[in-house]
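These are the residues of each chain, in order.
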Amino acid sequence: MSAGGGGGDGTDDVQTSPAPPLEPGQAVDGLEGQLLAYVYEHPDGSRSVEAELYEMPLTPTSGGGIPGWSVLLVGDGAAGIEQLDRLWVHVWGTYSDDNGQPTIQVERYEQAYP
């Protein structure tokens, strides 16, 4: 194995999360997961937000359970979602797979456990 921790060919091993068990165009109705939000402040004073919902298994994958997965949350319905960073949320919207990036066009969201 190389010193970089890769597979011996000089490249690093990259782990990707599995695809969500959803079909493009499928409605998402109260999907629950943990929110991770990243706020980027740009040199011109503007800011942008990237939000991801992480769905985690209740059964460990070593026991035959489904591995966790994540989706990017986008759209006007996701405005202000960064205030719930690291909390559990419910999301409503429509799932799509934008060039390999699992995405939900958010209609609305709410905190799961107030």
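First, a word on what this report is: a plain description of the structure on this page. Model, not experiment: these values are computed from the prediction.

Reading the values: rules and limits
The written sequence of each chain sets the order in which its residues are numbered from 1. Note on the predicted model: pLDDT of at least 70 is required for a residue's local features to be given, and 80 or more for side-chain atom pairs to be given and counted; whole-chain, interface and lining totals, by contrast, use all residues. With hydrogens and water stripped out, all remaining heavy atoms of the structure feed into the side-chain values. Helix and strand labels come from DSSP, where a helix needs a run of H or I of at least four residues and a strand needs a run of E of at least two; each type is numbered from the N terminus. Three labels apply to residues, based on accessible area from a 1.4 Å probe with only protein chains included: buried if under 20% of the type maximum, exposed if over 50%, partly exposed otherwise in between. Note on contacts: a residue pair qualifies if any of its non-hydrogen atoms lie within 4.5 Å across the two residues. Per-residue and other accessible areas were derived by the Shrake-Rupley procedure at a 1.4 Å probe size, with only the shown protein chains allowed to occlude residues. Residues adjacent in sequence count toward polar contacts only when both atoms are side-chain atoms; beyond that, a polar contact is any pair of N or O atoms within 3.5 Å, and within protein one must be able to donate a hydrogen and the other to accept it. What counts as a ring pair is set by centres within 6.5 Å for rings of Phe, Tyr and Trp (its six-membered ring), and what kind of pair is set by the plane angle: stacked under 30 degrees, edge-to-face over 60, tilted for all other angles. In this analysis the charged atom, NZ for Lys or CZ for Arg, is taken to sit over a ring once it is within 6 Å of the ring centre and within 35 degrees of the ring normal. Any two strands with at least two DSSP-identified bridges between them are counted as paired. To get an axis, fit a line to the C-alpha atoms, keeping to the stretch in contact for a helix; angles then go from 0 to 180 degrees between the N-to-C directions. Basic side-chain nitrogens of Lys or Arg form a salt bridge, by our definition, when they fall within 4 Å of a carboxyl oxygen of Asp or Glu.

Digging into the overall build of the chain
When helices and strands are counted, the chain shows 0 helices and 5 strands. The helix and strand sequence of the chain, counted from the amino end, reads β-β-β-β-β. Per-residue burial for the chain yields a buried fraction of 28% across its 114 residues. Considering only contacts within the chain whose residues lie at least 6 apart along the sequence, 52% involve residues at least 24 apart. A total accessible area of about 7,400 Å² is found for the chain, and carbon and sulfur atoms account for 49% of it.

Observations regarding the side chain of T103
Relative to the elements of secondary structure, T103 occurs in strand β5 (residues 101–111). For T103, a relative accessible area of 3% corresponds to the buried category. From its side chain, T103 meets the backbone oxygen of Q101 in a polar contact 2.9 Å long.

Side note on the packing of aromatic side chains
Throughout the structure, instances matching the rule amount to 0 aromatic pairs. When the ring centre of W92 is taken as origin, the NZ or CZ atom of R108, which lies over that ring, is 3.7 Å away.

Looking at the sheet that holds strand β1 (residues 27–41)
One key point about sheets: their strands pair by backbone hydrogen bonds, in either a parallel or an antiparallel sense. Around the barrel, 5 strands lie side by side as β1-β2-β3-β5-β4; this closed barrel has mixed pairing. Strand after strand, the sheet turns through a mean of 50° between neighbouring axes, direction not considered. Inspection of the sheet shows strand β2 (residues 47–55) paired to strand β3 (residues 69–74) by 5 bridges, in the antiparallel sense. Within β3, the residue paired with L53 across the bridge is V71.

What to know about the pattern of salt bridges
For the structure on display, the rule yields 2 salt bridges. Across the pair R47 and E82 runs a salt bridge, and its minimum N-O distance is 2.8 Å. Here E82 lies in the loop between β3 and β4 (88–98) and R47 lies in strand β2, a separation of 35 residues in the sequence. A salt bridge links R108 to E110; its shortest N-O distance comes to 3.6 Å. By relative accessible area, R108 is classed as partly exposed at 42%. Here E110 falls in the partly exposed class, since its relative accessible area comes to 35%.

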